[in-house]
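Coordinate inspection notes
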Amino acid sequence: MRVAMLHCGGATAIGFLGRAGDACLLGTLILAEPEHFSGTEITLLLLAMLASAGLFLQRLWPILQTIHHAQPEQDFHLRPLGRRTAAFVWEVLLQGKVIRQRPLPGLAHAFVFWGFLAFALVSLNHVATGLRLGFLPPQSWAGRFYFDFAAVWALLVAVSIVGLFVRRFFVRPIWLGEHLSYESGVIAGLIFLLMVSYLGAFAVAPGGSAVKLLWWSHTAALLVFLPLIPHTKHLHLVLSPLTVFLKRDSFAQIPRLHGDEDFGLVAGKDVTQLIALQTYSCVECGRCTEHCPAATTGKVLNPKEVVLGLRSYLNTVGPASEVPLLAEARPDTAYAPTLSMEAVFGCTTCGSCEFQCPVGIQHVPVIVGLRRGAVNTGTWEDDYGTKLFLALEKHGNALGLSAAERDKFVTKQGFPIFDGTQEYCLWLGCMGGYDPKGREIIADFARVMHFLGTSFGVLKKERCTGDPARRLGNDLLFGTLADSGLKSLEAAKVQKIVAICPHCVRTIAEDWREYGIAPQIEHHSEFMARHRDRLPQQQGQSIVYHDPCYLGRYREQYDAPRQVVQQAGALVEAPRHRERSFCCGAGGGLAFLGEEHGERVSHVRAQELVATGADVVGTACPFCNTMFRDALHETERQPQLLDIAQLTARALPSQPPGGEP
């Protein structure tokens, strides 16, 4: 801030100048001319600046060194820059995610951030003025405008920081953590002092001792604040813009392994530069914890604590260490007790944590990386996991049934085998090919395709996409399944695929890319929404639609399934829907890992859906359908449970016009 002189145009920007109003008639408010600073004061200022900068770098430099000495990120590329720039503008500069997902505290945080941007030039000029190098004369039109502009932001920041202080220390939302962060209180106090000392300059008489007191108060707050940044969660002010810009290309993207010695995140030497950068960027806001289905139902997993545990590990033993990351694989767990098998294998990979994070941390790849390290080195021992892997190896499906069972279903339904002449390959998946209710969904969707006159066929032999193996960290098994699937599609000359399972869609479209490019694939909700004008409509019933994680957050498909639902009745929204939808509990392979500890995720979600009073619970994922099938039996009221394909098929005539039944 240029305290040498402030123009009274500020009186038009803030209406509390009071007795300074008379000075405004003179056109300027003299505060402290640079020449009024003695040589001793200038020397003191220089020493204080050097000390502040030195203390700042003393802590920041080791952090930067830790990040630098971590493993380089394989396959990383900056392109496309346009997407990265757009994400940076929306998430950092506009604070879009912060405000949209938590409006009131988000707006307060945004005001503080924007205020700091507005004060960047003011603070530089403030220090320069003390050294007789001020570059923004307040008597100029630019100076008058900018100081008034900064005064408005100072007022907004002061109010916002008080609100955030009250929220953290008095309201204390549970996801912020049990322990009060007194460092945050000190930082809040310094920010408030910075703003008040700036605004105070508009209200004091010119030339008095109060002017210099305000100047030095503002300077002291500024110089104390700087070295505290790398010692607190406010390090995100420095790192998070870079983290947001450099995060991986796609949502919850699991990086490929490289070489025979890459087993995932086993020890510190496996931590990459991007992961290290993200762990140090954590703002500890608890948004990931607030929306995590595991954390909110009493499981050990807390995504925030996983990130902080990894940071603690890096601070303690460093990025080159051979010490195992997971607690069960090492004798000393004191420095990172939150990293455990139970925690990382309790993740449904729903992506809520990653979607909510305001600083670009991608939790799912970290958690899957830790799973990889445990599975690929043989340290994870779980009877259900072993049974699942053996079923996938031997039978090619997660349910462990003979392929002959799928053949019987295909024959009974009269599905044609894909021979290259049909438009679509209908991918059955494990649930559609083997699960009784999943088969009902497939049969009804086939009726819809017949009604529309769309030709399709199914593969003669089809194996699991490898989704549960991929999410649980078994890369060898996943690679075998992915390679087999790609060869089957290529041999059948498939050009377009449609599937009822969002997990299959995601895995084929994204995860298989490590082994080859699969044909174009879409979810059946997208297919039906595109043809909705040709599908019949129903009236009367109310339908609450549940957003599947792998269709919503992973694929950003929210409108298509709703358009299908609205063809079948009146859409009812659950309290948590679209991007904020709560998980069914099946993802990440957890559908096959036995009973949950604590409250069941599916039961929590089912009760929420039933509470809407809707006649029907509509799903768009066979895994969600399976989880709710059991959970709805435990609710007081039991609405009908139907996939969106079943909702559509119920309105179809028994015989399609000019088509096959």
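Just so it is clear, the model here is predicted, and its values are computed rather than measured.

Looking at unusual backbone geometry
- A cis amide bond links Arg79 with the next residue in sequence, Pro80, at an omega value of 0°.
- Structurally, Pro80 can be placed in the loop between α3 (39-69) and α4 (81-93).
- Phi angles above zero are rare outside glycine, and Ala252 is one such case at about 55°.
- Of note, Lys493 is a non-glycine position whose phi angle comes to about 60°, a positive value.
- On the secondary structure map, Lys493 appears in the loop between α23 (475-491) and β5 (496-499).

Here's the deal with the domain arrangement of the chain
- According to the domain assignment, the chain contains domain 1 (20-244), domain 2 (282-381), domain 3 (399-530) and domain 4 (537-649).
- Once you take the C-alpha centre of each, domain 1 and domain 3 turn out to be 54 Å apart.

Digging into the pairing of strand β9 (residues 616-619)
- The two faces of β9 match: Val616 and Gly618 on one face and Val617 and Thr619 on the other face are all buried.
- Bridge count between strand β7 (residues 542-545) and β9: three bridges; the pairing is parallel. The partner of Ile543 across the bridge, within β9, is Val616.
- The sheet contact formed by β9 and strand β10 (residues 640-643) spans four bridges and is parallel.

Section: the sheet that holds β7
- Overall, parallel pairing links the four strands, which are arranged β8-β7-β9-β10 in an open sheet. What marks the edges here is a single partner per strand, and that holds for β8 (570-572) and β10. Adjacent strand axes in the sheet meet at a mean angle of 35° when their direction is disregarded.

What to know about a nonpolar patch on the surface
- The grouping of Val162, Phe165, Val166, Phe170, Val171, Phe192 and Val196 at the surface amounts to a nonpolar patch, some 600 Å² of accessible area in total.
- Mapped by element, the contributors of at least two residues to the nonpolar patch are α7 (141-171) and α8 (182-200).
- Considering each element in turn, the nonpolar patch owes the most residues, five residues, to α7.
- Note that Val162 resides in helix α7.

Some details on the packing of aromatic side chains
- Taken as a whole and assessed by the stated rule, the structure comprises 21 aromatic pairs.
- Ring centres of Tyr146 and Phe149 lie 5.9 Å apart, and the angle between their planes is 50°; on these two criteria the pair is classed as tilted. Of the two residues, Tyr146 and Phe149 both sit in helix α7, three residues apart, roughly one turn of that helix.
- Ring plane angle 65° and centroid distance 6.3 Å describe the contact between Trp380 and Phe389, whose orientation is recorded as edge-to-face.
- Members of the aromatic cluster, each reached through a chain of ring pairs, are Phe111, Trp114, Phe145, Tyr146, Phe149 and Trp153.
- Residue placement shows Lys97 over the ring face of Phe355; its charged tip is 5.6 Å from the ring centre.
- Above the face of the Phe582 ring, Arg576 is positioned so that its terminal group lies 4.1 Å from the ring centre.

Calculation rules
Residues numbered from 1 in each chain as written. Predicted model: local features only at pLDDT ≥ 70, side-chain atom pairs only at ≥ 80, totals over all residues. Heavy atoms only, no water. Helix = DSSP H or I, 4+ residues; strand = E, 2+ residues; numbered from the N terminus. Domains from an automatic or database assignment. Buried < 20%, exposed > 50% of the residue type's maximum accessible area, 1.4 Å probe, protein only. Pairing = 2+ DSSP bridges. Axes fitted to C-alpha atoms, helices over the stretch in contact; angles between N-to-C directions. Patch = residues over 30% accessible without salt bridge, like charges linked within 9 Å, V, L, I, M, F, W, Y side chains within 5 Å. Areas by Shrake-Rupley, 256 points an atom, 1.4 Å probe, with all protein chains shown as cover. Salt bridge = Lys/Arg side-chain N within 4 Å of Asp/Glu carboxyl O. Phe/Tyr/Trp six-rings, centres within 6.5 Å; stacked < 30°, edge-to-face > 60°. Lys NZ or Arg CZ within 6 Å of the ring centre and 35° of its normal.

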